[in-house]
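One letter stands for each residue in the lines below.
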Amino acid sequence: MTEPPPTLDVIETYPDPVRNRLMQLRRLILETALKSEHVGEVQETLKWGQPSFLTVKPKSGTTIRIDKDTSDLGDVALYVNCQTSLVSDWRALYPHIEFGGNRSVHFKAEDSLPENEICQMISMALTYHVKKR
């Protein structure tokens, strides 16, 4: 029997509304990775204490992190490396979504998640290095 990923231990510490949204984001990341032909293996781990997902074989994308939002922008956030153009690209595609600087997208726990938009953002992050080549 395999151990559950350490990300679940962190997610379980949050109140129900936040935990539910983080579990939904986790599911969308893992499902999107499986559906993408360029992604391959995704490692689920903790980075800076946050649930993180990175492509390992091949290294097709940039790391995605999810966590409780500590800003006033939302209740949960999805983070990417601030050195990428991803948030700028997402902001142009989805101006109705709340973004934080050049590294994050934010969601309120009581609102339904825009799954189609999030899946597109996740796909862009998981294939970021493929698209740059």
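Right above here is the structure, for reference.
Residues numbered from 1 in each chain as written. Predicted model: local features only at pLDDT ≥ 70, side-chain atom pairs only at ≥ 80, totals over all residues. Heavy atoms only, no water.

Some details on the packing of helix 3 (residues 86-93) against helix 4 (residues 115-126)
Inference 1: Two elements in contact, helix 3 and helix 4, have axes whose closest approach is 11 Å; the angle formed by their N-to-C orientations is 150°. Considering their axes alone, helix 3 and helix 4 lie roughly antiparallel with respect to each other. Regarding helix 3 and helix 4, the two cross each other, and that crossing is right-handed. In this structure, helix 3 contributes Leu 86, Asp 89, Trp 90 and Leu 93 to the contact, and helix 4 contributes Met 121, Met 124 and Ala 125.
Inference 2: Of the residues in the contact of helix 3 with helix 4, the class split is six nonpolar, no polar and one charged. (Axes fitted to C-alpha atoms, helices over the stretch in contact; angles between N-to-C directions. Helix = DSSP H or I, 4+ residues; strand = E, 2+ residues; numbered from the N terminus. Parallel < 35°, antiparallel > 145°, perpendicular 65-115°, else oblique. Left-handed = near helix turned anticlockwise from the far one by under 90°. Contact = heavy atoms within 4.5 Å. Nonpolar A, V, L, I, M, F, W, Y, C, P; charged D, E, K, R; others polar.)

What to know about the pattern of salt bridges
Inference 1: One pass over the structure, following the stated rule, counts five salt bridges.
Inference 2: When the shortest N-O distance is used, the salt bridge between Glu 12 and Arg 19 registers 4.0 Å.
Inference 3: Residue classification places Glu 12 among the partly exposed residues on the basis of a relative accessible area of 47%.
Inference 4: Among the salt bridges present, the one from Arg 27 reaches Glu 115, with a minimum N-O distance of 3.1 Å. A residue pair is termed long-range when its members are at least 10 positions apart, and Arg 27 in helix 2 (residues 16-35) and Glu 115 in helix 4 qualify at 88 residues.
Inference 5: We classify Arg 27 as partly exposed; its relative accessible area is 33%.
Inference 6: Exposure remark for Glu 115: the relative accessible area of 28% places this residue in the partly exposed category. (Salt bridge = Lys/Arg side-chain N within 4 Å of Asp/Glu carboxyl O. Buried < 20%, exposed > 50% of the residue type's maximum accessible area, 1.4 Å probe, protein only.)

Details of the side chain of Thr 62
Inference 1: Mapping Thr 62 onto the fold places it in the loop between strand 2 (50-57) and strand 3 (64-68).
Inference 2: If sequence neighbours within four positions are ignored, Thr 62 has contacts with Phe 53, Val 80, Asn 81, Thr 84, Leu 86, Ala 125, Tyr 128 and His 129.

What to know about the nonpolar core
Inference 1: Ranked by internal contacts, the top residues of the largest apolar core, which has 32 residues, are Leu 78 and Trp 90.
Inference 2: For this core, the elements supplying multiple residues, two or more each, are helix 1 (6-11), helix 2, strand 3, strand 4 (76-79), helix 3, strand 6 (104-107) and helix 4.
Inference 3: Non-local contacts of Trp 90, meaning those with residues more than four positions away in its chain, are made with Leu 78, Val 80, Phe 99, Val 105, Met 121, Met 124 and Ala 125. (Core = buried A, V, L, I, M, F, W, Y, C linked by side-chain atoms within 4.5 Å.)

Things to note about the environment of Thr 7
Inference 1: As for its placement among the helices and strands, Thr 7 is situated in helix 1.
Inference 2: Along the chain, Thr 7 and Cys 82 lie 75 residues apart, while their C-alpha atoms are 22 Å from each other.
Inference 3: With residues up to four places along the chain from it excluded, the contact list for Thr 7 reads Arg 26, Glu 44, Thr 45, Leu 46, Pro 51 and Ser 52.

That's the geometry; what it means functionally is another story.
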